[in-house]
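Survey of secondary and tertiary structure
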Amino acid sequence: MHQRLQDELGFSGSGSTIRRVVRELRNKTKEAFVPLEFDPGEAAQIDFGSAYAYIKGQRKKLKFFCMRLCFSGHFFVKAYYAENEECFLDAHISSFKFFGGVPKRTIFDNAKVAVSEGLGAYVTKETKRYCELKAHYQFAATYCNPRSGNEKGLVENLVGYVRRNAMVPMPKVDSLDELNATLESYCQGYIEHSIASRTGTVGENFSIEKRVLLPLPLYHYSPEKLLYPEVSAYSLITFQTNKYSVPTDYCGKEVCLKAGPSEIRVYHKNEMIANHERNYGKNHRTYDIGHYIKLLEAKPRAIFNAAPVRQYVPKDVLQMYASKHGGQKLLLAYLKESNGLKETPDITVIPTQLNLYDQLIQEVNS
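So, the sheet that holds strand E13 (residues 263–268)
Here we have 4 strands laid out as an open sheet, ordered E9-E12-E13-E14, and antiparallel in their pairing. Either end of the sheet is taken by a strand with one partner, and the two such strands are strand E9 (225–227) and strand E14 (271–277). Taken over all neighbouring pairs, the strand axes of this sheet differ in orientation by 20° on average, direction set aside. Across 6 bridges, E13 lies against E14 in antiparallel orientation.

What follows is the structure, encoded as structure tokens:
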């Protein structure tokens, strides 16, 4: 070190000076932490982590929520596409359901989805919906100071533990629900684990803790975000730059949109009229072809250029229909049949035509 300081920085001091400084650094006292101990049901620590998984063959970056009971060490983990308010609220509710009760308080970072003013011990205002959640389940919240992971060390360690064990090798699933079912099973299996420096297994300690958790309410809080958009002339509603279809009968009407962590549901006069998987991209359009069939019956010439049809039917198959005589009627008949709709009297399709789609598929495959 002394030689490098001379060569690189022109240091003129002696080697003994460097040795003295290094000796002082090595003997420097580390920060001391107070060992913590919790009563059964007293508290739970929560945090978000990040990991990757293959969903329907595509590599996705996921956020996973962790809640760990401080007394027993039992934990719950659930994956989401984002770390927004709806996911945050749903994660709490899912955790409470998993444990069969509610801890008296939670300990976590200064998350923007929960805190609107203040930091750590000086939080002065929480978000409206998080206050509603706390009131509904009757728990309190304690916020950690910035860059103080030691204040919630149990869950900090858990985030790394889950990433290294439950998420390695990288999961390959068909849906987020399938991944979460696997994670929940992993959490249930943890009750056989024994934590160093603690007596008894996690399951034995959890059986003690579960008896003193706050009881679940008669009904659960709804984490969904409510909006009241107007349906456009293209039978679409907009939520966070993305558009979702509803039946064309509702064009120009105001509807109720309920946005959950992974699902978009649309209601009109207490009746659900549309249901879509939530898209976390930007400026995407999600169509349900069934919403447009009645309109396509009235305007069949648009069928080959209709965006909902192009999203629903593969391009090569669509081209095959377009090349056939009477392709418009044939395609419309297939769309109706695949959506469980009966054929109307003004469109007649003979049995050989009904089988033509299968023939087209065979031609494409060959």
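Right, picking up where we left off after that structure.
Topic: helix H7 (residues 202–210)
Three or more residues of H7 are buried, namely Val202, Asn205, Phe206 and Glu209. What you see down the axis of H7 is that its buried residues fit within an arc of 105°, all on one side.

Re the sheet that holds strand E11 (residues 242–245)
Read from one edge to the other, the open sheet built from 3 strands follows the order E10-E11-E15, with strand pairing classed as mixed. Whereas interior strands pair on both sides, the edge strands pair on one side only; in this sheet they are strand E10 (236–239) and strand E15 (285–286). Alignment of E10 against E11, held across 4 bridges, turns out to be antiparallel. Looking at E11, one finds that Phe239 is bridged to Asn242.

Description of the packing of helix H3 (residues 85–99) against helix H4 (residues 128–137)
Between H3 and H4, the least distance of the axes is 11 Å, while the angle of their chain directions is 10°. The angle between the axes of H3 and H4 places the two elements in the roughly parallel class. Taking contact as the criterion, the partners of Glu85, Phe88, Leu89, His92, Ile93 and Phe96 in H3 are, on H4, Arg129, Tyr130, Leu133 and Tyr137. Its residues placed into classes, the contact of H3 with H4 shows 7 nonpolar, 1 polar and 2 charged.

A few points about the environment of Lys253
Considering the arrangement of structural elements, one finds Lys253 in the loop between E11 and strand E12 (256–259). Taking the C-alpha atoms as reference, Lys253 lies 9.9 Å from Tyr228; in sequence the two are 25 residues apart. Setting aside chain neighbours within four positions, we find Lys253 in contact with Pro229, Glu230, Val231 and His268.

Here's the deal with the nonpolar core
Counting 53 residues, the largest nonpolar core has Phe108, Tyr130 and Leu179 as the members making the most contacts within it. It is H3 that provides the largest number of residues to this core, a total of 8 residues. Residues within four places of Tyr130 in sequence aside, it is in contact with Phe88, Leu89, His92, Thr106, Phe108, Val113, Ala114, Phe139, Ala141 and Tyr143. If you look at the next biggest cluster of nonpolar residues, it comprises 19 residues, including Tyr287, Ala306, Val309 and Tyr334.

Topic: the state of the cysteines
If you walk through the whole model with that rule in mind, you get 0 disulfides. Take Cys66: it sits in no disulfide, and the sulfur closest to it among the cysteines is that of Cys187, at 8.0 Å.

Overview of the confidence of the model for the chain
When pLDDT is averaged along the chain, the result is 86, and 89% of the positions lie at 70 or above. Across residues 344–354 the pLDDT falls below 50, and counting only partners more than four positions away or on other chains, this stretch makes 11 contacts in the model.

A short note on unusual backbone geometry
At the junction of Val168 and Pro169, the peptide bond is cis and its omega measures out at -5° in the coordinates. In this structure, Gln138 takes a positive phi of about 65° despite not being glycine. Within the secondary structure, Gln138 is located in the loop between H4 and strand E7 (140–143). Look at Thr241: it is not a glycine, yet its phi comes out positive at around 75°.

Quick word on the side chain of Asp90
Within the secondary structure layout, Asp90 lies in helix H3. The class of Asp90 is buried, set by a relative accessible area of 14%. Asp90 has contacts with Lys78, Tyr80, Pro223 and Pro261, leaving out every residue within four places of it along the chain.

Remarks on the pattern of salt bridges
Enumeration over the complete set of coordinates arrives at 14 salt bridges. Between Glu132 and Lys128 there is a salt bridge, with the nearest N and O atoms lying 2.5 Å from each other. Here Glu132 pairs with Lys128, and both are found in helix H4, just 4 residues apart, close to one helical turn. According to the relative accessible area criterion, Lys128 is exposed, its value standing at 63%. Of the charged contacts in the structure, one is a salt bridge between Arg265 and Glu263, with a shortest N-O distance of 3.8 Å.

Reading guide: rules and limits
- Residues numbered from 1 in each chain as written.
- Predicted model: local features only at pLDDT ≥ 70, side-chain atom pairs only at ≥ 80, totals over all residues.
- Heavy atoms only, no water.
- Pairing = 2+ DSSP bridges.
- Helix = DSSP H or I, 4+ residues; strand = E, 2+ residues; numbered from the N terminus.
- Axes fitted to C-alpha atoms, helices over the stretch in contact; angles between N-to-C directions.
- Buried < 20%, exposed > 50% of the residue type's maximum accessible area, 1.4 Å probe, protein only.
- Arc of directions from axis to C-beta.
- Parallel < 35°, antiparallel > 145°, perpendicular 65-115°, else oblique.
- Contact = heavy atoms within 4.5 Å.
- Nonpolar A, V, L, I, M, F, W, Y, C, P; charged D, E, K, R; others polar.
- Core = buried A, V, L, I, M, F, W, Y, C linked by side-chain atoms within 4.5 Å.
- Disulfide = S-S within 2.5 Å.
- pLDDT = per-residue confidence, 0-100.
- Salt bridge = Lys/Arg side-chain N within 4 Å of Asp/Glu carboxyl O.

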